[in-house]
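# Structural overview
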Amino acid sequence: MPRCLVSLFSAWLWLAFCVPAILSANQNSPSWKDAVAALQRACLDCHIKTSPEAELDLSSFADEAAALKNYRVWEKVQRVVANGEMPPKSAEQISAEDQQRLLGWIDNALDRIAHANAGDPGRVTLRRLTNTEYDNSLRDLTGMDLGLAKAFVKDNGGGEGFTNTGDVLFVSPEQLEKYLRAARDVASRASVLPGSGIQFRTEPVGLRSPASVATELNARVRSWYYDRLSPLLPEGRDDLRIEEYLLACWRHHHGQGELGELAKASGLEPAFLAHWWTLLQKDTKNLFLRRIREPWQQLPGPENEVGAKRQCATIAEEMKLWMGEHLDANKAVRTSPDDAFFLCVTDVGDGDRGDVVHWLKAEVYLGEDRKHPQPLFAYVAARITALEKQLASGEKNASALRQQLDDLRAVDKLRSQQVEGTTAPDDGFTVRAPSIVKLVLPAEVGLLRASSKLDVEHPDAKLASIQTKVFCGKSPPVLPSVLPGVKIQALDKSETWANFQRAIKAFHAVFPGSRSGRMDEAGSNLREGRAPLGVYFLTPDELAERLPAHERHIPRQIANDMRLFQLQTQNLLRADKVKQWDDLVVGHLAEFAARATRRPLTDQQTQHLQERYLRALEQTENREEAAREVIARTLFSAQFLFKTEPPRSAEAVSPLDSYELAARLSYFLWASIPDQQLTSAAADGSLLEPDVLKQQVKRMLANPKSAALGSEFFGQWLGFRDFQQFGVIDRKLFPEFDDELRIAMHDEVNRFFTELVASDAAITDILHSDYTFLNHKLARHYGVTNFQLEADEAGFVRHPIGAPRGGILGMGAILASTAFPDRASPVRRGNWIVKTVLGIETPPAPADVPELTDDGLAGKLSLRDRLEKHRGAEACRGCHSRIDPPGFALQNFDAIGRWSDVDESGRQIDAKAVLANGKEFTGSEGLKKYLADMRPLFIRQFSRKLLGYALGREVVISDRPLLAQLEKELPDSDYRFSVAVEKIVLSPQFLNRRNRD
């Protein structure tokens, strides 16, 4: 072991590694008596009771026990003596032997204290939420990032340098007023409904009447259902798979499988198949639904599946015709010269009473012409005249001409044909249903169009119902009682007409013709809680089964809202429904309060909340306003604003209960409230089991909310948290440092640490990563030539990065925040590396140290020469010999993080670093290699900082064993971040609280 501390860095290594090892192995460690003798020779000339230097009296301790009551004194003595800061250079120096005795006793004594008190949770002051925790908690309570804490007093750091230290989280009257205003602001954005509960909006909701709420609710619910139903309902008619559903029902009817099995085998929706089966079993008088059920019932037996498939296809085709727009049944196109035209009328299967039809406005189109129609009877008359002339002239094909003439005369005879008791229309004729009139026309006729009209003057017209259609073919069609897809004509406003309207409307309700129609019908069933029709819908329970777990309760909530508001708008809200309404609202308020206060309410607390709501209701006479008052009071309560862990035992130390542990864990990893999964683990007590706790840690670190560790823990430790508001750089000298670049630098370092946490990367990546996160702006600033994003791409990507960058030492946010406004600063950067990164305490500069002036920068002396001159002063040499060398290694990076080979004055940059022990390295790569050698100090600093952040207090002597375990286990686990987190979370310090000092 070294006999004296020759240099600063050798002293660091000796203190970090040699002393503990030697003392643990040496059973004859220096005693208190040895330490007192060393103190008398080296220290007590100044640090005596009468006039102690620095108010540090080392002479008044009666014995070792008295000395160790204030162990922090000895931690300080250990540091300054080991670092060579004491005795001062102007005084007689301590001998190597006395230094060894004093430091040996201190380390042994501190080690004994540490192990005797190992795992002590320490004193954690009852504290309020930090501003970040406040905003994050509101974000997770409301679903909105409101940023209200921007108006609060800025938090200060304490303990290990973090804002979550209770000792510095004061609450002033001004802060309380701001908390109250913020609570009312949040509450004003709350929509509170008996079913849907509490939902927050970006703007204040205001006082709403029941009617306005009902209207808004209907629109919002419709939109919600559309979003959820859209991927679940068939899109086009082919997606309805009618034939397949009919066939599956047929198979079930014949015992070939249960509905669920058949649906799975055929890839059908089980709910839709069950609805199809119900429909086919239900007797109905509806004309259109009967035309599904009755043909399905007439399907052949299981021995003729081919025939069953064919008939199912026929039923499906007819259904699709009724589901769409009515067919254009008034025309027919000839496809063969031998085809005849047929004017057909059906009686719709309900008898022919009153079923008298006028055919009128018949027109023909010749060949392919579709623009120049000719009236049928005028065309026929002209063709008859022409044929008669041809026959009179002795044409050779007289037989064929005579047949054409006979066919045309048969058509001509129809003109003015009438049914008894009716009058035929001009240039038309009248028939009674059912009827098929054959028209044989010359081959030149390519299309026949004819209109039809029910005879409304007929005495029985009010009982009439008919369909008409023009066919073309070689033989008359076989007319069904009902023509699929063809409009049914009946006397307007008659009972027959009304019956058909009701029937087709009911059919369309069961089988909407479009996807939007199916969405409307299914959504209406759900919103209004009515008995559903048809097959392509989901009941609230069926929909809930297909929703994510966190949304499965919503359909029932919506049903409650719709029912209660409908009753209220109709003035039908009875006392029992009023009570139901209030009970539902109180339930939502209690649930909100439990989430906000991080633990379930007791019965007494729930009753108190209910009384508060009812009192507010008496004053406001508006249930939503009364609920908002309770929300505001909840957010202004101490249980929300403070992290409360009250003593629960007379013992000095007691374990946290599961809810306290959940809150401590969530504020450590997320800086926010526990989520539902963590709360559930607290509720059933499983969170107190180590394996479950480990699982939660793993899950939470992978959650996007763990980005809070990047900004809050790493950001505060390494000093980049507030870089987005960084405004130190002189923009006249560095116009490139605009807002876009500053934000890009901030995003780079934040994304880096977010990724490190979420991917459970090695913490050594902090200094030595070969990747970073760039957008085009930052890549150009860094001179990255192989950047792969397009020039107009705004997003960031993880991108390889090589020398001279890599790790935080090459990131703009770090380099700029450790620079002067007008130039790079090796002093600031070196001090940041030594103190912040490696955890080596550096004393503040003495008051009489002359400042390094900035004049003559472009003169004869370089910055390095001027710093050498500055630290030539005795008062400066001690510090600058420690902090300047690492800073010089980064000198190629200018004040805004650009790489340069020359300084601001055009001089060639010398990035060589020479340590006090004579060791040299050059540039950022040399510095990173050196820091790799100093990795144990970096790991110790990281561990100390993470523990202090997790516990919200300063690290104390009883934490030394835990820190030693971290320093040992991290290298064994490839330095993975989660290992450190898990070790801390499972420690007695984290799992317990101290009830008294």
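It should be emphasised that the depicted structure is a prediction, and the values quoted were computed from it without experimental measurement.

## Concerning the overall build of the protein
The secondary structure content of the protein amounts to 39 helices and 19 strands. Its C-alpha radius of gyration of 45 Å places the protein more than 25% over the 30 Å reference for a compact globule of 997 residues. A principal-axis box enclosing the C-alpha atoms of the protein has dimensions of 150 × 70 × 60 Å. Considering the protein as a whole, with its 997 residues, one finds that 50% of them fall into the buried category. Sequence-distant contacts in the protein: of pairs separated by 6 or more residues, those separated by 24 or more amount to 70%. Accessible surface, the protein: about 46800 Å² in total, of which carbon and sulfur atoms supply 50%.

## Observations concerning the UniProt feature "domain: DUF1592" (unreviewed entry) in the protein
Sites flagged by UniProt as "domain: DUF1592" (unreviewed entry) map to residues 656–784. Along residues 656–784 the backbone is 59% helical and 3% strand, and the end-to-end C-alpha distance reaches 51 Å.

## Here we look at the domain arrangement of the protein
When its domains are assigned, the protein resolves into domain 1 (32–117), domain 2 (129–207), domain 3 (231–324 + 506–535), domain 4 (331–496) and domain 5 (706–932). The interface of domain 2 with domain 5 comprises 6 residues on the first partner and 7 residues on the second. Where domain 2 abuts domain 5, roughly 480 Å² becomes buried across the two surfaces, and 48% of that area is made up of carbon and sulfur atoms. Contact with domain 5 buries area across many residues of domain 2, yet T132, F162 and T163 alone supply 74% of it, more than any other trio. Here domain 2 and domain 5 share 1 salt bridge between them. Between K154 and D722 there is a salt bridge whose closest N-O contact spans 3.9 Å.

## Remarks on the pairing of strand β15 (residues 771–774)
In the case of a regular strand, side chains alternate between the two sheet surfaces. What you see with β15 is no split at all: Y771 and F773 on one side and T772 and L774 on the other are buried throughout. Sheet topology places β15 next to strand β16 (residues 797–800); 4 bridges connect them, and they run antiparallel. Bridge pairing in β16 links L774 to V797.

## A closer look at the pattern of salt bridges
Applying the stated rule across the entire model yields 64 salt bridges. With a shortest N-O distance of 2.8 Å, R409 and E388 are connected by a salt bridge. With R409 in helix α15 (residues 398–412) and E388 in helix α14 (residues 376–392), this pair connects stretches of sequence that are 21 residues apart. Residue classification places E388 among the partly exposed positions, given a relative accessible area of 36%. The residue E967 makes a salt bridge to R940 at a minimum N-O spacing of 3.2 Å. Of this pair, E967 sits in helix α37 (residues 960–972) while R940 sits in helix α36 (residues 935–951); the two residues are 27 residues apart in sequence, bridging distant segments of the chain. Of the residues examined, R940 reaches a relative accessible area of 33% and is grouped as partly exposed. Each of R201, R208, E216, E624, E625 and R628 takes part in salt bridges that share partners, so that together they form one network.

## Some words on the sheet that holds strand β11 (residues 465–473)
The strand order across the open sheet formed by 4 strands is β9-β5-β11-β12, and the pairing between neighbours is antiparallel. The strands lining the two open edges of the sheet, one partner per strand, are β9 (435–439) and β12 (489–490). Here strand β5 (residues 340–346) runs beside β11; their pairing, made up of 7 bridges, is antiparallel. The partner of F342 across the bridge, within β11, is F471.

## Topic: the environment of V411
Residue placement: V411 occurs in helix α15. Assessed through its relative accessible area of 1%, V411 is described here as buried. A C-alpha to C-alpha distance of 9.1 Å links V411 and L376, two positions 35 residues apart in sequence. Setting aside residues no more than four positions away along its own chain, V411 makes contact with L376, F377, V380, L439, V440 and L441.

## Quick notes on the environment of A82
Here A82 is to be found in helix α4 (residues 71–82). Given a relative accessible area of 1%, A82 falls into the buried group. Counting along the chain gives 18 residues from A82 to Q100, while the straight-line C-alpha distance between them is 9.5 Å.

## Description of the confidence of the model for the protein
For the protein, the mean per-residue pLDDT works out to 87, and 91% of the residues sit at or above 70. When the criterion is pLDDT under 50, residues 1–26 qualifies, and its contacts beyond four places in sequence or with other chains add up to 46 contacts. Low pLDDT, under 50, characterises residues 854–858; the predicted model gives this stretch 10 contacts beyond four residues in sequence or across chains.

## A word on a nonpolar patch on the surface
Nonpolar side chains collect at one region of the surface, where L176, L180 and F636 lie side by side and expose about 220 Å² of accessible area between them. Relative to the elements of secondary structure, L180 occurs in helix α7 (residues 173–188). By relative accessible area, L180 is classed as partly exposed at 32%.

## Overview of helix α16 (residues 495–510)
In this model, α16 (16 residues) spans 22 Å end to end at C-alpha, consistent with the 22 Å of a helix rising 1.5 Å per residue. Among the residues of α16, T496, A498, F500, A503, I504, F507, A509 and V510 are the ones counted as buried.

## Regarding the packing of helix α25 (residues 676–683) against helix α26 (residues 690–702)
Closest axis-to-axis distance for the α25/α26 pair is 11 Å, and the angle between their directions is 170 degrees. By the angle between their axes, α25 is roughly antiparallel relative to α26. Here α25 contributes Q677, L678 and A681 to the contact with α26, which in turn contributes V692, Q696, R699 and M700. For the contact of α25 with α26, a count of residues per class yields 4 nonpolar, 2 polar and 1 charged.

Analysis parameters
Residues numbered from 1 in each chain as written. Predicted model: local features only at pLDDT ≥ 70, side-chain atom pairs only at ≥ 80, totals over all residues. Heavy atoms only, no water. Helix = DSSP H or I, 4+ residues; strand = E, 2+ residues; numbered from the N terminus. Rg over C-alpha atoms; globule rule 2.2 N^0.38 Å. Buried < 20%, exposed > 50% of the residue type's maximum accessible area, 1.4 Å probe, protein only. Contact = heavy atoms within 4.5 Å. Areas by Shrake-Rupley, 256 points an atom, 1.4 Å probe, with all protein chains shown as cover. UniProt positions renumbered as here; feature names shortened; annotations may be inferred. Domains from an automatic or database assignment. Buried area = accessible area lost by both parts, 1.4 Å probe. Salt bridge = Lys/Arg side-chain N within 4 Å of Asp/Glu carboxyl O. Pairing = 2+ DSSP bridges. pLDDT = per-residue confidence, 0-100. Patch = residues over 30% accessible without salt bridge, like charges linked within 9 Å, V, L, I, M, F, W, Y side chains within 5 Å. Expected span 1.5 Å × (residues − 1). Axes fitted to C-alpha atoms, helices over the stretch in contact; angles between N-to-C directions. Parallel < 35°, antiparallel > 145°, perpendicular 65-115°, else oblique. Nonpolar A, V, L, I, M, F, W, Y, C, P; charged D, E, K, R; others polar.

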